[in-house]
Amino acid sequence: MTSPDSALDAQDLENLWMPFTSNRAFKTKPKLLTAAKGIFYTSHDGREILDGTAGLWCVNAGHGREEITQAIAHQAAQMDFAHSFNMGHPLAFQFAERLARITPYDLKRIFLTNSGSESVDTALKIALAYQRVRGQGTKTRLIGRERAYHGVGFGGISVGGIVKNRMWFGPGLPGVDHIRHTHLPEQNRFAKGQPEHGADLADDLERLVQLHDASNIAAVIVEPVMGSTGVLVPPKGYLQRLRALCDKYDILLIFDEVITGFGRLGAGFGADFFGVRPDIICLAKGLTNACVPAGAVAVSNRIYDTFMQMSETPIELFHGYTYSGHPLACAAGIATLDIYENEDLFARAAGIADYWQEAMHSLSDARHVVDIRNIGLIGGIELEPRPGAATARASEVFDRCYDKGVMIRVTGDIIALSPPLIIEKAHIDRIVTTLREALDETA
Ligand SMILES: Cc1ncc(COP(=O)(O)O)c(C=O)c1O
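All values derive from a computational prediction rather than experimental measurement.

Domain annotation for the protein chain reports domain 1 (10-61 + 344-441) and domain 2 (68-342). With centres defined by C-alpha atoms, the gap from domain 1 to domain 2 works out at 26 Å. At the interface, 36 residues of domain 1 touch 39 residues of domain 2. Buried surface at the junction of domain 1 and domain 2, summed over both partners, amounts to about 2900 Å²; 62% is from carbon and sulfur atoms. Area buried by domain 1 at its contact with domain 2 is led by W57, F346 and I375, which between them contribute 25% of it. Where domain 1 packs against domain 2, one counts one salt bridge. In this structure, the salt-bridge partner of E358 is K192, at a minimum N-O distance of 3.0 Å.

Attention now moves to the site of the ligand. Neighbouring the ligand are the residues S115, G116, S117, Y149, H150, G151, E223, S228, D256, V258, I259 and K285. In this structure, a nitrogen atom belonging to the ligand sits 2.7 Å away from a side-chain N or O atom of D256. In this structure, an oxygen atom belonging to the ligand sits 2.9 Å away from a side-chain N or O atom of K285. Of the residues contributing to the shell around the ligand, the split by class is three nonpolar, six polar and three charged.

Throughout the structure, instances matching the rule amount to 31 salt bridges. Salt-bridge contacts for E206 lead to K248; the nearest nitrogen and oxygen are separated by 3.3 Å. Within this pair, whereas E206 is found in helix α10 (residues 204-212), its partner K248 is found in helix α11 (residues 238-249), the two being separated by 42 residues in sequence. In this structure, R302 engages D279 in a salt bridge whose closest nitrogen and oxygen atoms are separated by 3.0 Å. Here R302, found in helix α13 (residues 301-310), pairs with D279, found in the loop between α12 (270-274) and β9 (280-283); they are 23 residues apart in sequence, far enough to count as distant.

One pass over the full model with this rule turns up two cavities of 30 Å³ or more. In this structure, the largest cavity occupies an estimated 110 Å³ of space. Of the residues assigned to the lining of the largest cavity, the class counts are six nonpolar, four polar and three charged. The space that makes up the second largest cavity amounts to roughly 40 Å³. Counting only elements with at least two residues in the lining of the second largest cavity, the list comes to α7 (154-159) and α8 (163-166). Split into classes, the residues belonging to the lining of the second largest cavity amount to four nonpolar, six polar and one charged.

Our focus in this paragraph is the nonpolar core. Counting 97 residues, the largest nonpolar core has L205, F262, I381, V397, I408, L417 and L435 as the members making the most contacts within it. Among the elements that make up this core, the one with the highest residue count is helix α14 (residues 327-342) (nine residues). Taken domain by domain, the makeup of this core includes at least three residues from each of domain 1 (10-61 + 344-441) and domain 2 (68-342). Counting 23 residues, the second-largest nonpolar core is a separate cluster that includes V120, A123, V176 and I303.

With that out of the way, let us pick up helix α5 (residues 90-102). The end-to-end C-alpha separation of α5 is 19 Å, in line with the 18 Å expected for 13 residues at 1.5 Å each. Where α5 is buried, its residues contact α4 (66-78), β4 (109-113), β9, β10 (295-299) and α14.

This next bit is on the packing of α5 against α14. Running from N to C, α5 and α14 point in directions that differ by 30°, and their axes come no closer than 9 Å. Put simply, α5 runs roughly parallel to α14. You can see that α5 and α14 cross each other, and the crossing is left-handed. Contacts from L91, A92, Q94, F95, R98, L99 and I102 in α5 reach P327, A329, C330, A331, G333, I334, L337, D338 and E341 in α14. Residues of the contact of α5 with α14, tallied by class, amount to eleven nonpolar, two polar and three charged.

So, on to the pairing of strand β11 (residues 369-375). Summarising burial for β11: six of the seven residues are buried, a large majority. Pairing of β11 with strand β12 (residues 378-383) involves six bridges; the strand directions are antiparallel. Bridge pairing in β12 links I375 to I378. The hairpin formed by β11 and β12 contains two residues between the paired strands, and G376 there has a positive phi angle of roughly 50°.

Conventions adopted
Residues numbered from 1 in each chain as written. Predicted model: local features only at pLDDT ≥ 70, side-chain atom pairs only at ≥ 80, totals over all residues. Heavy atoms only, no water. Domains from an automatic or database assignment. Contact = heavy atoms within 4.5 Å. Buried area = accessible area lost by both parts, 1.4 Å probe. Salt bridge = Lys/Arg side-chain N within 4 Å of Asp/Glu carboxyl O. Near = heavy atom within 4 Å. Polar contact = N/O pair within 3.5 Å; in protein donor to acceptor, adjacent residues only side chain to side chain. Nonpolar A, V, L, I, M, F, W, Y, C, P; charged D, E, K, R; others polar. Helix = DSSP H or I, 4+ residues; strand = E, 2+ residues; numbered from the N terminus. 1 Å grid on protein atoms, 1.4 Å probe; cavity = no way out; pocket = protein on both sides within 12 Å on 5 of 7 lines; lining within 4 Å. Points joined across faces, edges and corners; volume = space filled by probe spheres on them. Core = buried A, V, L, I, M, F, W, Y, C linked by side-chain atoms within 4.5 Å. Buried < 20%, exposed > 50% of the residue type's maximum accessible area, 1.4 Å probe, protein only. Expected span 1.5 Å × (residues − 1). Axes fitted to C-alpha atoms, helices over the stretch in contact; angles between N-to-C directions. Parallel < 35°, antiparallel > 145°, perpendicular 65-115°, else oblique. Left-handed = near helix turned anticlockwise from the far one by under 90°. Pairing = 2+ DSSP bridges.

Shown next as structure tokens:
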């Protein structure tokens, strides 16, 4: 077995091509994590690192939850794998039933995947197939949004709107268009919670309807709160307006809730929090507390019933993954949902969200800070980019925080925070103090 120290040997790091990482920079100064419990990681050099990002927006119940690890171990011993193609195993049905108890509105039909990216591609494919099954086969266009992140599949990057994630990989899906993003820094700077200005940006969908005609548009996909692009909170009334337009033009509304699901906003899902009914939601991350890679797509009863009643082929949807409903993921997912329920963690997040908000905004006078945004247990702190060296400043703040024992995340020159929902006030204070120090020390 490789010891933590020998893992630092440059030779040992060579084979792994790391995702979304500057491999060259990482391998000269690696940051390796070797253990995790509660709100803390342990680094390879034995330091405690406060997890200000719940891993990658996913370890909502905190690390090392024994209920989950035991459920996985038990299931691995009982039955390691069974597939779900014209076969099944009870746990997958049980998991779907448990999940459907908490999914909002009538989104009670569950398709299981293995990641957020797969959930997004699955949702887009279901939307296209649905239109065809119900006799609206011309509705093939998919509408995303500028600055959106919907994972890294070809569907996800096509409807996504982050330039770097798209520019290397060819033209993407045909027939995709984008509505405008909602970032209005001049009007909404330092907004607490939902910004006042920008609901009318939803009307940009009308522009695309005029351009393409509604008879050609299958679905619109948005993140209720944009995370990976640097925390963009929807303006008050924006999502409601988008819903109304989708109704007006008979277009499906897909919420990508990969980060907003499972209590991140202090409610089960963004759809609950904002009181807006999507037709499909994409889930992953907090679904299994990240213990086993898993995702899910929750679909309205209406959509599912349409497939069941109108599909002319025995198999209603030609889509699925070898690991859809993997027994270990189902075991982890059920144990995770138990924790959320038993510990009332979504309400807990709601209870501490005001403290979080004030803590985030206490940094408004910190060095380099030009905007702060927050909602639920999410915080975004935007820095003035260093002239001629965009992203360098935030990246240095990241390194400093890590050295001081706090894990943050940066995207461009924006710091994005999303701690586990079990976070205590003292932890929040420590994140803020560490950030202020790191910002002060950074040129
Ligand atoms: C909104 C959103 N959708 C999709 C994804 C992709 O999820 P995954 O990395 O599990 O494929 C992410 C990941 O951060 C996300 O934030």
